[in-house]
Amino acid sequence: MNVKASSSPTASHATRTDLPRRQLLWSAARLATLAAPASLLGVRAALAQTTDADTTPTPTNRLIWRALSRVGYGPSPALLAAIQTEASPQDWAVKQIGLAHAASQRPPIIAPDLADFNASLPQLADGARREREWRLKVKDSPSAQDNKLPAVDAAALRRMDTTVANTPETFSLRLTMQTAAWRLSSCSLPELEHPLLARMTEFWFNHLNVFIGKGAVRPFVGHYLIHAIRAHALGQFEDLLLASARHPAMLLYLDQAQSVADGTPSAQGQARGLNENYARELMELHTLGVNGGYRQTDVRELARVLTGWTVTPKDESGFRFAPRLHDTGSKQVLGHTFPANAQSAGEAEGVAAIRLLARHPATAQRISLRLAQFFVADTPPPALVQQLSQTFLATQGDISAVLATLLRSADFWAPDNRLFKTPMDFACSALTTTQSAAAADRRSLVLAAAYLAGAGQPLHGWPTPDGYAFDAATWLAPEALTRRADFAMGLARAQPQLDYLMPFMSTSTQATIAQERPLLRGGLLLASPDFMYK
């Protein structure tokens, strides 16, 4: 299987690297929006210029682009070489499931200077404690100004320079930037992380979202990403759900750690009670869906089942079941009765309730729909969703089996099932294509993180538990295209020639790029309408 080459312009002379930003953006905007139409309909029309009558890619190249852009984050020279060793793009895609699952069972590859975010939970909890103590000292000290984090340290960390001393005052910012650097590297360097595993880690982190902006959660987000999400991303859904439910990041994010049997006395002697936040989102977002057939009484009963599930800073798991905080009365969830029990049986009934939800037909339908929206189309064919749901139920939520059904379906490969890239897609695909994430100075990662923050999809920064949307209606807007062009031109300055992408571009894209200076061509390829779709 060979990629059919097409002619592409190459640089024949030295080029300047300091073109004005306005000129760069004008060139990118001319390509991506065809004179920057003011309306959303105009932008959509511009992005739809690549039609069947205006295409260069061969049928095989179209399939390669589809496989690499959806099973991973896009082509790189190494990935193109790998996919050409297989009988077909379809064969390559299905083979990635087993490889990604095997990779998920191995420890992640993390650069030594980024490894703090993946420390043990007791170490992370201790670091958070020391930072809190430092902040209290600063707050109470008359010389507080002298104790604040030096501006130079903060600036270095925001550049992902982790040579800054590891001190209590740098703890949170250090972990935040380390997690972001690993996340962006892992989605764009196949030698670091399997592309499908990176894809599924993104999908499940978003589905089981936690917010790094919540102070108590912040130290544990990176650990949650690695140990709750990545480790279970292609396994059984109920195992993933339980790992999330027991992790301090989720327990603290949705206040489950504070939920106790009604009337439980606090240390100050005041009565405490139930918190329904986690139980509600567990049903509405993580499993059944808003139309999944549950009622408010089911939410409250589930919250009672889960009382006593809390955190401990001393245990390697970070999880503790506190029997004295558990509601031992009889409960009924979705018609299933949990009889009155001894306190010691409380954790087991919580596990049973979560497995009940994970195996429910409404859960199968919801997960299947979201996977189809993520991998196939904003409005996927109902028959495909039903097929995925049947596989989910038949295998009790085997994620790899569901993915195999999806990648073997005709719908995944159908040309009409287009997907517009989210900001995360765009950032990771641009990094993959340029392979710039491998640079020692991490400049490209800083650019990508800043782009994502400006585009409305900051890394680990979605505040609500519903996660971000995948659809084009959310992300396709004129100002969004300008941001993409800005990021693309900045990223490609160090690598202006990306000629290996040309066989996958339309005739109009190639013609437009051929008229531009060689210095601009790599960035314009990344800002082109063709590159906006996966």
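This is a predicted model, so every value here is computed, not measured.

1. A short note on the packing of aromatic side chains
Piece 1. For the structure on display, the rule yields 20 aromatic pairs.
Piece 2. Ring centres of W204 and F237 lie 5.5 Å apart, and the angle between their planes is 40°; on these two criteria the pair is classed as tilted. With W204 in helix α10 (residues 195–207) and F237 in helix α12 (residues 237–246), this pair connects stretches of sequence that are 33 residues apart. Accessibility classification places W204 together with F237 in one group, the buried group.

2. Concerning the confidence of the model for the chain
Piece 1. With 86% of its residues at a pLDDT of at least 70, the chain reaches an overall mean of 88.
Piece 2. In this model residues 2–53 is a low-confidence stretch, pLDDT under 50, and it forms 102 contacts with partners more than four residues away in sequence or in other chains.

3. Structural notes on the nonpolar core
Piece 1. With 154 residues, the main nonpolar core has M200, W204, W309 and F375 as its most contacted residues.
Piece 2. Looking at this core, the element that brings in the most residues is helix α9 (residues 171–188), giving nine residues.

4. Structural notes on the state of the cysteines
Piece 1. The tally for this structure, following the rule as stated, stands at one disulfide.
Piece 2. Shown here is the disulfide that connects C187 with C428, its sulfur atoms set 2.1 Å apart. A torsion of -95° about the S-S bond marks the disulfide between C187 and C428 as left-handed. One end of the pair, C187, is in helix α9; the other, C428, is in helix α21 (residues 423–434), and 241 residues separate them in sequence.
Piece 3. In this structure C187 comes out as buried when scored by relative accessible area, which is 7%.
Piece 4. Given a relative accessible area of 0%, C428 falls into the buried group.

5. A look at empty space enclosed by the protein
Piece 1. Inspection of every chain in the model, using the stated rule, returns four cavities of 30 Å³ or more.
Piece 2. Taken as a whole, the largest cavity spans an internal volume of roughly 120 Å³.
Piece 3. Along its surface, the largest cavity is lined by R183, F205, N206, N209, M424, Q457, P458, L459, H460, G461, W462 and Y468.
Piece 4. Looking at the lining of the largest cavity residue by residue, the class counts come to six nonpolar, five polar and one charged.

6. Describing the pattern of salt bridges
Piece 1. Counted by the stated rule, this structure contains 22 salt bridges.
Piece 2. Here D116 and R174 are joined by a salt bridge, their closest N and O atoms 2.8 Å apart. Placement of the pair is D116 in the loop between α5 (89–104) and α6 (121–140) and R174 in helix α9, with a sequence separation of 58 residues.
Piece 3. The exposure class assigned to R174 is buried, which follows from its relative accessible area of 8%.
Piece 4. E301 is the partner of R304 in a salt bridge, and the nearest nitrogen-oxygen pair spans 3.0 Å.

7. Description of the environment of A469
Piece 1. Along the chain, A469 turns up in the loop between α22 (443–455) and α23 (472–475).
Piece 2. Under the relative-accessibility criterion, A469 is labelled partly exposed at 29%.
Piece 3. C-alpha separation for the pair A469 and Q373, spaced 96 residues apart in sequence, amounts to 9.7 Å.

8. What about the side chain of E131?
Piece 1. With respect to the helices and strands, the residue E131 is situated in helix α6.
Piece 2. Setting aside residues up to four positions removed in sequence, E131 forms contacts with P168, E169, F171 and S172.

9. Remarks on unusual backbone geometry
Piece 1. Backbone geometry places Q396, a non-glycine residue, at a positive phi of 55°.
Piece 2. Assignment of secondary structure puts Q396 in the loop between α18 (382–394) and α19 (399–408).
Piece 3. With a phi close to 55°, Q435 is a non-glycine residue in the positive phi region.

10. Describing the environment of R129
Piece 1. Tracing the chain through its elements places R129 in helix α6.
Piece 2. Under the relative-accessibility criterion, R129 is labelled partly exposed at 32%.
Piece 3. Along the chain, R129 and P313 lie 184 residues apart, while their C-alpha atoms are 9.8 Å from each other.
Piece 4. Reaching out from R129, the side chain makes a polar contact with the side chain of E133 at a distance of 2.8 Å.

Criteria and thresholds
As a convention, each chain's residues are numbered from 1 in the sequence order in which they are written. The predicted origin of the model limits local features to residues at a pLDDT of at least 70 and limits the giving and counting of side-chain atom pairs to 80 or more, whereas totals for whole chains, interfaces and linings rest on all residues. As a rule here, side-chain values come from all non-hydrogen atoms in the structure, and water together with hydrogens is ignored. Put simply, two rings from Phe, Tyr or Trp (the six-membered ring, in Trp's case) pair if the centres are within 6.5 Å, and we call them stacked under 30 degrees between planes, edge-to-face over 60, tilted for the rest. Helix numbering and strand numbering both begin at the N terminus, where a helix is a DSSP run of H or I of at least 4 residues and a strand a DSSP run of E of at least 2. Buried means the residue's accessible area, taken with a 1.4 Å probe over protein chains only, is under 20% of the maximum for its type, while exposed means over 50%, and partly exposed covers the values in between. Note on scores: pLDDT gives the predictor's confidence for each residue, bounded by 0 and 100. Residue contacts are defined here by distance: any two heavy atoms, one from each residue, within 4.5 Å place the two residues in contact. For our purposes a nonpolar core is just a set of buried Ala, Val, Leu, Ile, Met, Phe, Trp, Tyr and Cys residues, chained together by side-chain atoms within 4.5 Å. When two cysteine sulfur atoms are found within 2.5 Å, that pair is recorded as a disulfide. Here a cavity denotes grid points, spaced 1 Å and computed from the protein atoms alone, that fit a 1.4 Å probe unable to get out, and a pocket denotes an open set having protein on both sides within 12 Å along at least 5 of 7 lines; residues with an atom within 4 Å of a point are the lining. Grid points are joined across faces, edges and corners, and a volume is the space filled by probe spheres set on the points. Asp, Glu, Lys and Arg are counted as charged, while Ala, Val, Leu, Ile, Met, Phe, Trp, Tyr, Cys and Pro are counted as nonpolar; the rest, among them Gly, fall into the polar class. We define a salt bridge as a contact between a side-chain nitrogen of Lys or Arg and a carboxyl oxygen of Asp or Glu at a distance within 4 Å. Pairing of N or O atoms within 3.5 Å defines a polar contact, subject to two protein rules: one partner must be a possible hydrogen donor and the other a possible acceptor, and residues neighboring in sequence count only if both atoms are side-chain atoms.

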